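Secondary and tertiary structure notes
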Amino acid sequence: MRRPSTHDAIVIGAGPAGTSAALALARRGWAVAIVEKSAFPRRKVCGEYISASNLALLDRLEIGDAWRAAAGPEIRRVGLFSGDTSIEAPMPGARSGSAARDGFGRALGRDILDTLLLDAVRSAGAEVFQPCRAVAVERDSDCQTVLIQATGEKSSDEATILRAPVIVAAHGSWEPGPLPSQLGKSSRPSDLLGFKAHFTGSSLRPDLMPLLTFPGGYGGMVLADHGRMSISCCIRRDMLTRLRGSLARERGGHVSAAEAVEHHIMATCRGVRDALAEARLDGPWLAAGPIRPGIRAGYEADIFRIGNAAGESHPIIAEGISMALQSGWLLVQELGAAASGQGEREAAGRRYEAAWRGLFSTRVLAAEAIARIALGPGGAALMEAVVRNLPQALTLGARLSGKTKPIPGLADGRVARGR
């Protein structure tokens, strides 16, 4: 056992939520440790789109220019691909700060984005433990101890103890582990399972991000960095089981989940079929889940939850990365210098929960309503009918999902680029 290492905060998870919090804390002078179980770079099941409302935050975190240099084209159109229907409408533009100067959101692969953020965390002076997994958390007087072990090729029986008064849970919504916020996996027919792949050579319009609806699921497509087109989707477990069985009988052999998903979307969604007609798969399909949409407690016993650990929307609105980045920022604004006592930390936790709900609850509820329609009987046909007669509904939906909503503390436009 290595000698305990003491910090002001320990962040568990180095996705956009964890790194935004770690970076903001480190820039405020906190001694920060961040624990990440995977080696980077790595791809992730994710839609990869970041709305323009986040650009002021990326500037404040001092990675805005690097993100602009790497991300894909501006997304100026939102669309619907459903059955034989393809409809487009304007994407609402951001209205304040550097977001308004840049205009529209863009997409960047998680293999690039997460590495960019974590490199900035290192440069800010935080201590990075990677690849390492948190295996136990216990209270020790006014601090908490986190036992971590190396994973992958560096794995061994040797463990490291980290101590800090503040634990930030940024591990996602379903990863099993020792924290109360780690929900674990379950298996229900209605579970939504996530899939994602990159393609090159797609004919998708560079400025268009369509919503995809198909029987038993929904998804999205967007052109990201280096000409990669990212397609991500969710599908019900029971639908996937039926699809795999049917396709296996048709082909006379085993069919993977990814094969069944790709075949299903291509067969039922003409817009996808046309966009991928000449495209090539770039790397394997990835899978994750089940996803757990909903709002959860943001604070409990000096554990602060951010990203999907605090709550997540249905991916149908493409706001996952935005909510992750912004939740880390919100937490740091409420923590301030509150590491000194449990009473101050608890008050900060309650303020953070209120700020989280104020910024995100509307988009979580809007996403749930849209997903319920898309997944329900006849839902895809209903959405087609509405959008065909009122294309502006796509623009309104993008606005309701939070794509133009300014981030508290960053809405005045005073953030300078390149700081």
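In this report, the structure presented in the accompanying data block is examined. (Residues numbered from 1 in each chain as written. Predicted model: local features only at pLDDT ≥ 70, side-chain atom pairs only at ≥ 80, totals over all residues. Heavy atoms only, no water.)

1. Quick word on the nonpolar core
Stated precisely, the cut-off is as follows: Take the buried Ala, Val, Leu, Ile, Met, Phe, Trp, Tyr and Cys residues and link them wherever side-chain atoms come within 4.5 Å; each set so joined is a nonpolar core. Per-residue accessibility, obtained with a 1.4 Å probe over protein chains only, is compared with the maximum for each type, and a residue is labelled buried under 20%, exposed over 50%, and partly exposed between these values. Each helix corresponds to a stretch of at least 4 residues labelled H or I by DSSP, and each strand to a stretch of at least 2 residues labelled E; elements are numbered beginning at the N terminus. Any two residues having at least one pair of non-hydrogen atoms within 4.5 Å are treated as being in contact.
Counting residues in hydrophobic clusters, the biggest one holds 56 residues, and the most contacted among them are Val 32, Trp 67, Ile 306 and Leu 335. Elements that contribute at least two residues to this core include exactly strand E2 (9–12), helix H1 (16–27), strand E3 (32–35), helix H2 (55–60), helix H5 (110–123), strand E12 (166–169), helix H9 (320–335) and helix H10 (342–375). Excluding residues that lie within four positions of it along the chain, Leu 335 makes contacts with Leu 25, Trp 30, Val 166, Phe 304 and Ala 348. Membership of the second largest hydrophobic core comes to 31 residues, among which are Met 221, Leu 223, Leu 247 and Cys 269.

2. Notes on the environment of Arg 139
Applicable threshold: Pairs of N or O atoms are called polar contacts if they sit within 3.5 Å, as long as, within protein, a hydrogen donor faces a hydrogen acceptor (for residues adjacent in sequence, only side-chain-to-side-chain pairs).
With respect to the secondary-structure elements, Arg 139 resides in strand E9 (residues 132–140). Sequence separation between Arg 139 and Ala 164 is 25 residues; the distance between their C-alpha atoms is 9.7 Å. Look past the residues within four positions of Arg 139 in its chain and what remains in contact with it is Gln 144, Ala 301, Asp 302 and Gln 342. Engagement of the side chain of Arg 139 in a polar contact is seen with the backbone oxygen of Ala 301, the distance being 3.4 Å. Here Asp 302 takes part through its side chain, which lies 3.2 Å from a polar atom of the side chain of Arg 139.

3. Some thoughts on the side chain of His 264
Residue placement: His 264 occurs in helix H7 (residues 257–268). Judged by its relative accessible area of 8%, His 264 falls in the buried class. Setting aside residues up to four positions removed in sequence, His 264 forms contacts with Phe 214, Pro 215, Ile 235 and Leu 243.

4. What to know about the sheet that holds E3
Strand pairing in a sheet relies on backbone hydrogen bonds. The paired strands run either parallel or antiparallel. Note the cut-off: The pairing criterion is simple: DSSP has to find at least two bridges between the two strands.
Read across the open sheet, the 6 strands follow the order E8-E3-E2-E12-E21-E20; overall the sheet is mixed. Both edges of this open sheet fall to strand E8 (127–129) and strand E20 (299–300), since each of them pairs with a single strand only.

5. Digging into the packing of H9 against H10
So the rule is basically this: Whenever a helix is involved, its axis is fitted only over the stretch in contact; in every case the axis is a line through C-alpha atoms, and angles between N-to-C directions fall within 0 to 180 degrees. For this classification, under 35 degrees means roughly parallel, over 145 means roughly antiparallel, 65 to 115 means roughly perpendicular, and everything else is oblique. A clockwise turn of the near helix away from the far one marks a right-handed crossing, whereas an anticlockwise turn of less than a right angle marks a left-handed crossing.
For the pair H9 and H10, interaxial distance at closest approach is 8 Å and the crossing angle is 155 degrees. On the basis of their axis angle, the class for H9 and H10 is roughly antiparallel. As for how H9 packs across H10, the hand of that crossing is right-handed. Where H9 approaches H10, its residues Met 323, Gln 326, Ser 327, Leu 330, Leu 331, Glu 334 and Leu 335 are matched on the opposing element by Ala 348, Arg 351, Tyr 352, Ala 355, Trp 356, Leu 359, Phe 360, Arg 363 and Val 364.

6. Let's talk about the packing of H1 against H9
Between two packed helices, both the angle of their axes relative to each other and the distance between the axes serve to describe the pair. We apply this condition: Residue classes follow a fixed rule: Ala, Val, Leu, Ile, Met, Phe, Trp, Tyr, Cys and Pro count as nonpolar, while Asp, Glu, Lys and Arg count as charged, and any other residue, Gly among them, counts as polar.
Relative to each other, H1 and H9 sit at 30 degrees, their axes nearing to 7 Å. Comparing their axes, H9 and H1 come out roughly parallel. Every pair of crossing elements has a handedness; the one defined by H1 and H9 is right-handed. Residues Pro 16, Ala 17, Ser 20, Ala 21, Ala 24 and Leu 25 of H1 form the contact with H9, whose own contacting residues are Ile 321, Ala 324, Leu 325, Ser 327, Gly 328, Trp 329, Val 332 and Leu 335. Along the lines of polarity and charge, the residues of the contact of H1 with H9 split into 11 nonpolar, 3 polar and no charged.

7. Section: the pattern of salt bridges
Side chains that carry opposite charge are capable of pairing whenever their charged atoms lie near each other. Note the threshold: A side-chain nitrogen of Lys or Arg and a carboxyl oxygen of Asp or Glu constitute a salt bridge if their distance falls within 4 Å.
For the structure on display, the rule yields 31 salt bridges. The salt bridge involving Asp 302 is made with Arg 345; its shortest N-O contact spans 3.0 Å. One end of the pair, Asp 302, is in the loop between E20 and strand E21 (303–305); the other, Arg 345, is in helix H10, and 43 residues separate them in sequence. The exposure class assigned to Asp 302 is buried, which follows from its relative accessible area of 0%. Assessed through its relative accessible area of 0%, Arg 345 is described here as buried. Ionic contacts of the salt-bridge type, sharing partners, join the residues Arg 77, Glu 88, Arg 205 and Asp 207 into one network.

8. Focus on the environment of Cys 233
Residue position: Cys 233 is located in strand E16 (residues 229–236). A C-alpha to C-alpha distance of 5.4 Å links Cys 233 and Phe 195, two positions 38 residues apart in sequence. Excluding residues that lie within four positions of it along the chain, Cys 233 makes contacts with Leu 193, Gly 194, Phe 195, Phe 214, Tyr 218, Gly 219, Val 261 and Ile 265.

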